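An overview of the molecular structure
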Amino acid sequence: MTFARNILRHTGALLLLMVLVFVCASAALGEETDPVSFTIQVTPDSLTAPGEVSVSLRISNPTNTDMIDPVTLYDPAGALVSSFGDGGSYILKSGDSRSWEGKWNVTQAELDAGAVAYTLRYHMEDETGSLVEYNKQAVARISFMGERVNLTVNRTIDPQVVRAGKQANVTYELYNSGNVTLTDIRVQDKIARNAKTVKTLAPGDRTTVAFSSRIGNADLTSAGTITYKVVGSNKTLTETVDEAVIPLASPNLKIELSSPTEGVNVGEAATLVITFTNAGNVSYSNVTVTEAKRGEILTNLSIPAGATVTETKEFILMEPTDFKVTATLPDNTGETQTMSSKEIRVGVYDPEKQLLLTLNLTADQETVPEVPADVKFHLTVTNNSNIKAEKISITHGATAVYTIASLEPGASVTLDRDFRISQAGQFRFTASLKDSMNNTVSFESNTIRITYARPTAAPTMVPVVTVAPPALVTPVPADPLLSQSRSALMTAATVLGGLFACALVLFAVSTVVRLRKKSKSKAAYDHLDLAERRDYTEPADDEFDDADEIAEPAENARTEDAPVTVLPHEKVLHSAEQTDAADAPAPEDLPDTDGEGGYRVSRASAAVQETIKKAVPDIESESAPVEIPAEDAPAAPESHRRRRRASRTEDGE
């Protein structure tokens, strides 16, 4: 026993010696690898308040190796010290050194830390020849001799997520990290109406202030404000804590148990897959999963909010087993929930007693002319296993078709069944039975497809049509100028057609107007006898002569006792007759006939004259001529009557 203790003692001493040798070798190697020496001094080394100090630095290379890359100096704030060397950098040769002196304003944070540090950066090659960056600091200790006021505040929210109707707790930890006593500390948070106070807090002391509020159907918001004073001072100092949302719990966790295989052989491992799907805002930690027959199978699980966690577990099975897991779920609302999965069954098969059935399916037709249709299916079931198959249930989907009581190894049975299919499609049958280990096994037949097609109508004779040979006509290329000309001609023809139609309408209207005027004119003219010629000087050779004229001088026809009243129109006619008589041409100058069968002036017979006198005794025949109608002669125009009267007047004279 003593020998064993000595061996252990010597072994421990040897190990300690080896560690010391290794540490020393590492230090020596580090000194040999890093040739730069960097020292600092500050004056004064103590302050009562933030202020300026003098800084003295010394950088040297005590080795026999020249530095290739320069060293660069940075102040405590991380800024380049440009007054050092050449713009802040300097190359140290072997045995060379460089000093720098300057000023630095020490901050309260540096006083609280009790140190001021400058940094030297440079590159050196390591044993492999690669450049390694070095950051060496020179730290000068500095003491703070004055008052240091500092209140450190830490906020804790518990629980992080709050269920509806539960309490949300906010706790503030106050730590006096300064060197003076604090008084009149007042803490206020948004979740509470009233503030809480702390009378005094000595340097180095801690205290806590808690607030609570019941959450409803919405989130809460926490934000803290802390005010305090220093002993002996009336100045109020303030510390604030940023806003933080305390959410209303909305749990949504699901657990699913599955296995990649439905069964395994005896003695093989079955794999269970447990999947947690967390779609809520509640996080779970230290989760434990247990199995009904095997106890605790998983521990210390974490299921963050919005995450999916999957765990696997293997079990050696000797018989078919039903699995169901239950999870114990502590959450960040301060409560612990339990949740169970659905039960699954993993089968176990004995290779020597494994069932194997084959199903071969055929049909008497692959195409039906109408639906629904009657189809005969032929299903052959063969037992290819080494054991007898019993109570084989044949189904098509959810429809039970037939049950085979038993089927010896190697035996087959054929089922012929007529089915009425409601529509065309794919058809497949399933055989299900229990094996020797009470596992339900299923086997499916091949799939056949039955299509629907309308019956083909009887063919009819189609007359053969002789196709005329194609006319090889070369199209004339279109002439753009000709097309434009045709377009212009069509436009002109359209315009001329419109003008012609308008002219035709105007002609028809003018014709109707002329006919109306002509009919009125004919009604107003005197009718004259139709003669072969016109003779305005010599009367025609007819039944009248000069002796038979009913014409006498005006002065012989009128008596003093019977004055003749001259109408106004007769004065106008008389003036016109005189003018026409004066301008009338000589008888010898007039033609014998006008060649057109016009009218001629004739004198009335003595009998007619006598008839007129009897009818109108007071008016002379020359003063009041009477129109004699004739069935075969039109009325003489007014101009003809005027000329006739003029001729008579001249004869009377």
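Residues numbered from 1 in each chain as written. Predicted model: local features only at pLDDT ≥ 70, side-chain atom pairs only at ≥ 80, totals over all residues. Heavy atoms only, no water.

The number of helices and strands found in the protein is seven helices and 36 strands. Considering only residue pairs separated by 6 or more positions, the protein has 66% of its internal contacts joining residues 24 or more positions apart. Of the roughly 42000 Å² of accessible surface on the protein, 52% is carried by carbon and sulfur atoms. (Helix = DSSP H or I, 4+ residues; strand = E, 2+ residues; numbered from the N terminus. Contact = heavy atoms within 4.5 Å. Areas by Shrake-Rupley, 256 points an atom, 1.4 Å probe, with all protein chains shown as cover.)

Moving on, we get to a nonpolar patch on the surface. On the surface, a nonpolar cluster with roughly 280 Å² of combined accessible area is contributed by Val266, Ile316 and Met318. Assignment of secondary structure puts valine 266 in the loop between β18 (263-265) and β19 (269-278). Taking relative accessible area as the criterion, valine 266 reaches 34% and is therefore assigned partly exposed. (Patch = residues over 30% accessible without salt bridge, like charges linked within 9 Å, V, L, I, M, F, W, Y side chains within 5 Å. Salt bridge = Lys/Arg side-chain N within 4 Å of Asp/Glu carboxyl O. Buried < 20%, exposed > 50% of the residue type's maximum accessible area, 1.4 Å probe, protein only.)

Turning our eyes to something else, we now look at the pairing of strand β4 (residues 71-74). Taking every second residue as pointing to the same face, both faces of β4 are buried, with Val71 and Leu73 on one and Thr72 and Tyr74 on the other. In terms of strand pairing, β4 meets strand β5 (residues 89-90) through two bridges, oriented antiparallel. Note that in β5 the partner of threonine 72 across the bridge is serine 89. Pairing analysis gives three bridges linking β4 to strand β7 (residues 115-125), with the strands arranged antiparallel. Considered in β7, the bridge of threonine 72 is made with arginine 121. (Pairing = 2+ DSSP bridges.)

Within the open sheet, the three strands sit side by side as β28-β36-β33. Their pairing is mixed. The two strands at the open ends of the sheet, each matched to only one other strand, are β28 (367-368) and β33 (425-427). Where β33 and strand β36 (residues 448-452) come together, three bridges link them in antiparallel fashion. Following the sheet pairing, glutamine 426 is matched in β36 by arginine 449.

Turning our eyes to something else, we now look at the sheet that holds strand β16 (residues 236-246). Taken in spatial order, the four strands of this open sheet run β13-β12-β15-β16, and their pairing is antiparallel. A strand with exactly one partner marks an edge of an open sheet, and here the two such strands are β13 (196-201) and β16. The mean inter-strand angle of the sheet, taken between neighbouring strand axes irrespective of direction, is 15°. (Axes fitted to C-alpha atoms, helices over the stretch in contact; angles between N-to-C directions.)

Counted by the stated rule, this structure contains eight aromatic pairs. A centroid spacing of 5.5 Å and a plane angle of 10° characterise the contact between tyrosine 122 and tyrosine 134, whose relative ring orientation is stacked. Remark: tyrosine 134 occurs in strand β8 (residues 131-141) and tyrosine 122 occurs in strand β7; sequence separation between them is twelve residues. Ring geometry for phenylalanine 377 versus phenylalanine 419: centroids 5.7 Å apart, planes at 65°, classification edge-to-face. Here phenylalanine 377, found in strand β29 (residues 373-383), pairs with phenylalanine 419, found in strand β32 (residues 412-421); they are 42 residues apart in sequence, far enough to count as distant. A connected cluster of aromatic rings, assembled from ring pairs, spans Phe377, Phe419, Phe427 and Phe429. Directly above the aromatic system of tyrosine 74 lies the positively charged group of arginine 121, at a separation of 4.3 Å from the ring centroid. If you follow lysine 196 out to its NZ or CZ, it ends over the ring of phenylalanine 211, 5.4 Å from the centre. (Phe/Tyr/Trp six-rings, centres within 6.5 Å; stacked < 30°, edge-to-face > 60°. Lys NZ or Arg CZ within 6 Å of the ring centre and 35° of its normal.)

Turning to the side chain of serine 445, a few remarks are in order. Tracing the sequence through the fold places serine 445 in the loop between β35 (440-444) and β36. Not counting chain neighbours up to four residues away, the residues in contact with serine 445 comprise Leu359, Leu361, Leu379, Arg428 and Phe429.

Here the focus is the environment of threonine 336. Checked against the element boundaries, threonine 336 lands in strand β25 (residues 336-340). In contact with threonine 336, other than residues within four places in its own chain, are Thr328, Leu329 and Pro330.

Alignment of strand β24 (residues 325-330) against β25, held across five bridges, turns out to be antiparallel. Bridge pairing links threonine 328 to threonine 338 in β25. Between β24 and β25, which pair antiparallel and follow one another directly, the connecting turn spans five residues, one of which, glycine 334, has a positive phi of 90°.

On average, residues of the protein score 78 in pLDDT, and 71% of them reach the 70 mark or higher. Here residues 525-532 is a poorly scored stretch, pLDDT under 50, and it has 40 contacts once near neighbours within four places are set aside; other chains count. Low confidence marks residues 615-636, where pLDDT is under 50. Its contacts with residues over four positions away, or in another chain, come to 35 contacts. (pLDDT = per-residue confidence, 0-100.)

Before going further, it helps to examine the side chain of glutamate 110. Tracing the backbone through its elements, the reader meets glutamate 110 in helix α2 (residues 108-113). Despite its burial, glutamate 110 pairs with no opposite charge, the nearest such side chain being arginine 141 at 12 Å. A polar contact is formed between the side chain of glutamate 110 and the backbone nitrogen of threonine 107, at a distance of 3.0 Å. In this view, glutamate 110 contacts Pro76, Trp104, Asn105, Ala115, Val116 and Ile142; residues no more than four positions away in its chain are not counted. (Lys, Arg positive; Asp, Glu negative; His and termini not counted. Polar contact = N/O pair within 3.5 Å; in protein donor to acceptor, adjacent residues only side chain to side chain.)

This part is about unusual backbone geometry. In this structure, the amide linkage connecting aspartate 158 to the following residue, proline 159, adopts the cis form with an omega of -5°. If you trace the backbone, proline 159 turns up in the loop between β10 (151-158) and β11 (167-176). The step from valine 371 to proline 372 runs through a cis peptide bond, and the omega angle for that step is -5°. Following the sequence through the fold, proline 372 ends up in the loop between β28 and β29. The phi dihedral of aspartate 184 is positive, around 50°, even though this residue is not glycine. A positive phi angle is found at lysine 391, which is not glycine, with a value near 50°.

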